Amino acid sequence: GGDLPSAEPDYFDDLLFAQLSTVWNKWARVVGSAMVAAGERGHNISDSYLLWRASELIDAGRIECQGEMPGPQHDRDNRPNAMLRLRV
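A quick note: this is a predicted structure, and the numbers were derived from the prediction, not measured.

1. What about the overall build of the chain?
The helix and strand tally for the chain stands at 3 helices and 3 strands. Element order for the chain, N to C, with α for helix and β for strand: α-β-α-α-β-β. Of the contacts made within the chain by residues no fewer than 6 positions apart, 57% connect residues no fewer than 24 positions apart. Accessible area of the chain: about 5800 Å², with a carbon and sulfur share of 46%.

2. Quick look at the sheet that holds strand S3 (residues 83–86)
Strand order in the open sheet formed by 3 strands is S1-S3-S2, and the pairing between neighbours is antiparallel. Looking at the sheet topology across the chains shown, the edges are occupied by strand S1 (25–26) and strand S2 (63–66). Pairing analysis gives 4 bridges linking S2 to S3, with the strands arranged antiparallel. Note on S3: the bridge partner recorded for Cys65 is Leu84.

3. Some thoughts on the pattern of salt bridges
According to the stated counting rule, one finds 4 salt bridges in the structure shown. Each of Glu64, Arg85 and Arg87 takes part in one network of salt bridges that share partners.

4. Considering the packing of aromatic side chains
Under the criterion given, the structure shown has 3 aromatic pairs. Between Tyr49 and Trp52, the ring centres sit 5.4 Å apart and the planes meet at 50°, which makes this aromatic pair tilted. Of the two residues, Tyr49 and Trp52 both sit in helix H3 (residues 47–59), 3 residues apart, roughly one turn of that helix. Every member of this aromatic cluster is reached through a ring pair, and the members are Tyr11, Phe12, Tyr49 and Trp52.

5. Some points on H3
Here H3 spans 18 Å end to end across 13 residues, near enough to the 18 Å set by a 1.5 Å rise per residue. Listing the buried residues of H3 in full gives Asp47, Leu50, Leu51, Arg53, Ala54 and Leu57. Considered in projection along H3, the buried side chains sweep an arc of 165° and stay on one side of the axis. On its buried face, H3 is in contact with helix H1 (13–18), helix H2 (27–40) and S2.

6. What to know about the packing of H2 against H3
Where H2 contacts H3, the two axes come as close as 10 Å, and the packing angle between them is 120°. Considering the angle they form, H2 stands oblique to H3. Crossing hand, H2 versus H3: right-handed. Across from Trp27, Val31, Ala34 and Met35 in H2, the residues of H3 making contact are Asp47, Leu50 and Leu51. When its residues are assigned to classes, the contact of H2 with H3 shows 6 nonpolar, no polar and 1 charged.

What counts and how
Residues numbered from 1 in each chain as written. Predicted model: local features only at pLDDT ≥ 70, side-chain atom pairs only at ≥ 80, totals over all residues. Heavy atoms only, no water. Helix = DSSP H or I, 4+ residues; strand = E, 2+ residues; numbered from the N terminus. Contact = heavy atoms within 4.5 Å. Areas by Shrake-Rupley, 256 points an atom, 1.4 Å probe, with all protein chains shown as cover. Pairing = 2+ DSSP bridges. Salt bridge = Lys/Arg side-chain N within 4 Å of Asp/Glu carboxyl O. Phe/Tyr/Trp six-rings, centres within 6.5 Å; stacked < 30°, edge-to-face > 60°. Expected span 1.5 Å × (residues − 1). Buried < 20%, exposed > 50% of the residue type's maximum accessible area, 1.4 Å probe, protein only. Arc of directions from axis to C-beta. Axes fitted to C-alpha atoms, helices over the stretch in contact; angles between N-to-C directions. Parallel < 35°, antiparallel > 145°, perpendicular 65-115°, else oblique. Left-handed = near helix turned anticlockwise from the far one by under 90°. Nonpolar A, V, L, I, M, F, W, Y, C, P; charged D, E, K, R; others polar.

Here it is in structure tokens:
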């Protein structure tokens, strides 16, 4: 119908959490795997959105981060190599 469907900001959080454990993983693997999982559900979600949500979850203390997360305009050739894991 031409309408852009929207969802609550935390709609894809379960996809991020499903990629995490108590073991450190590179942020790009977590975000990339969440993007693939979203695609399997029929959603096309950007890495920028998932990066924003991961940062929000880090700020909320639900995800731990070691290192610096990339900003919204990260450079693919020179991106921070942050590691993420579930809060332990």
